[in-house]
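Understanding the architecture of this molecule
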Amino acid sequence: MARRWFLALSAVCMMAADLGGAAAQGLLGAPPANAPAATAPDANGSPPAPAPRAAAEPATPPAASPSEPAAPIQPGSPTAVVRPFYDQVGLEVDPSQRRHFVDPAKTVLDKSDALRKSGQGECLDPNMALDNADYDKGEIDKSLKTLEAINGDQAKVIVAFVVAGNPHRLEWKFKKVDGEWKISDLLSVTGEWALSQYQCE
């Protein structure tokens, strides 16, 4: 009796193998949910080797965004008017540069010129653009930062730099006259002075 049951069971298994995966599932029942997918044996009848487990890929850190280059200075902008005063010391008191100024700054500078010519001495410091700090072109070029803000026909440029370890910040005020930006005043945020407040009499 046992031999008869064994032969019947063997016949069912052989039929399932001949019918393939779908039919075999119908005969023997669905495999467990976590069972690996069935793979056909190779040509020699040997069961296939288990597929190698994929190695976990290391987490890739997000790429660092490259630093954005500084925006180029636009010709004729307030910043373009200010920049030469940091390339050549004392340019703000040079009469040949007076075309870049309007009142009240222009009046103070003109009075300073007259006082100098009269032999009564100097009214203004020769390096006001540097907040009266010693001129060191290397330090200024390395640390100079500018921030421009325009509001209609008025504008200002904030200039910050470091000389001898000391930070300085100035504010250049502008008015637009006949389509050109002119300097109307120069203020030191660090030194708490303004060009328009000088009395060159």
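This section reports on the structure supplied with the text. The model shown is predicted, which means the values in this text are computed figures rather than measured ones. (Residues numbered from 1 in each chain as written. Predicted model: local features only at pLDDT ≥ 70, side-chain atom pairs only at ≥ 80, totals over all residues. Heavy atoms only, no water.)

This part takes up the overall build of the protein. Counting its secondary structure elements, the protein contains 5 helices and 5 strands. Counting from the amino terminus, helix and strand elements in the protein follow one another as α-α-α-α-α-β-β-β-β-β. A buried classification covers 28% of the 201 residues belonging to the protein. Across the protein, the fraction of contacts at a sequence separation of at least 24, relative to all contacts at a separation of at least 6, is 47%. Per element, the accessible surface of the protein, about 13900 Å² overall, is 57% carbon and sulfur. (Helix = DSSP H or I, 4+ residues; strand = E, 2+ residues; numbered from the N terminus. Buried < 20%, exposed > 50% of the residue type's maximum accessible area, 1.4 Å probe, protein only. Contact = heavy atoms within 4.5 Å. Areas by Shrake-Rupley, 256 points an atom, 1.4 Å probe, with all protein chains shown as cover.)

Two side chains of opposite charge can pair, provided their charged atoms sit close to one another. Applying the stated criterion to the full structure yields 11 salt bridges. A salt bridge links Asp110 to Lys106; the shortest N-O distance between them is 2.9 Å. With Asp110 and Lys106 both in helix α4 (residues 105-117), this residue pair falls 4 residues apart, about one helical turn. Under the relative-accessibility criterion, Asp110 is labelled partly exposed at 31%. Judged by relative accessible area, Lys106 falls into the partly exposed class, the value being 30%. Notably, a salt bridge pairs Asp113 with Arg116, separated by 3.2 Å at the nearest N-O pair. With Asp113 and Arg116 both in helix α4 and 3 residues apart, the pair spans about one turn of that helix. (Salt bridge = Lys/Arg side-chain N within 4 Å of Asp/Glu carboxyl O.)

Glancing now at the packing of aromatic side chains. The tally for this structure, following the rule as stated, stands at 5 aromatic pairs. A network of ring pairs unites the aromatic residues Phe85, Tyr86, Phe101, Phe161 and Trp172 as a single cluster. (Phe/Tyr/Trp six-rings, centres within 6.5 Å; stacked < 30°, edge-to-face > 60°.)

Let's shift gears to the nonpolar core. Core analysis: the biggest nonpolar cluster contains 33 residues, and Tyr86, Leu124, Phe161, Trp172 and Phe174 have the highest contact counts within it. Listing elements by their share of this core, those giving two or more residues are α3 (78-82), α4, β2 (154-163), β3 (166-177) and β4 (180-188). Counting residues per element, this core draws most heavily on β2, at 5 residues. When sequence neighbours within four positions are dropped, the list of residues in contact with Phe174 reads Pro78, Val81, Val82, Asp153, Gln154, Ala155, Lys156, Val157, Trp181, Lys182, Ile183 and Ser184. (Core = buried A, V, L, I, M, F, W, Y, C linked by side-chain atoms within 4.5 Å.)

Let's shift gears to unusual backbone geometry. At the junction of Asp103 and Pro104, the peptide bond is cis and its omega measures out at 10° in the coordinates. Within the secondary structure, Pro104 sits in the loop between α3 and α4. The residue Asp178 is not glycine, and still its phi comes out positive at about 50°. Mapped onto the elements, Asp178 comes out in the loop between β3 and β4.

Moving on, we come to the pairing of strand β1 (residues 145-151). Sheet analysis places β1 next to β2, joined by 7 bridges and oriented antiparallel. Bridging from a neighbouring strand, Ile150 pairs with Ala155 of β2. Taking the residues between adjacent antiparallel strands as the criterion, β1 and β2 are bridged by 2 residues, where Gly152 takes a positive phi near 65°. (Pairing = 2+ DSSP bridges.)

Let us look at α4. Between the first and last C-alpha of α4 there are 19 Å, a value that for 13 residues agrees with the 18 Å anticipated at 1.5 Å per step. Considered for burial, the residues of α4 that qualify are Ala105, Val108, Leu109, Ser112, Asp113 and Leu115. Around the axis of α4, the buried residues are gathered within 165° of arc, so they sit on the same side. Buried-residue contacts for α4 involve β4. Following α4 by one or two positions, Gly119 has its phi on the positive side, about 80°. (Expected span 1.5 Å × (residues − 1). Arc of directions from axis to C-beta.)

Following the sequence through the fold, Ile150 ends up in strand β1. Assessed through its relative accessible area of 48%, Ile150 is described here as partly exposed. Placed 24 residues apart in sequence, Ile150 and Phe174 show a C-alpha to C-alpha distance of 8.9 Å. The contact partners of Ile150, leaving out residues within four places of it in the chain, are Pro78, Ala155 and Trp181.

By themselves, these observations are geometric and do not establish any function.
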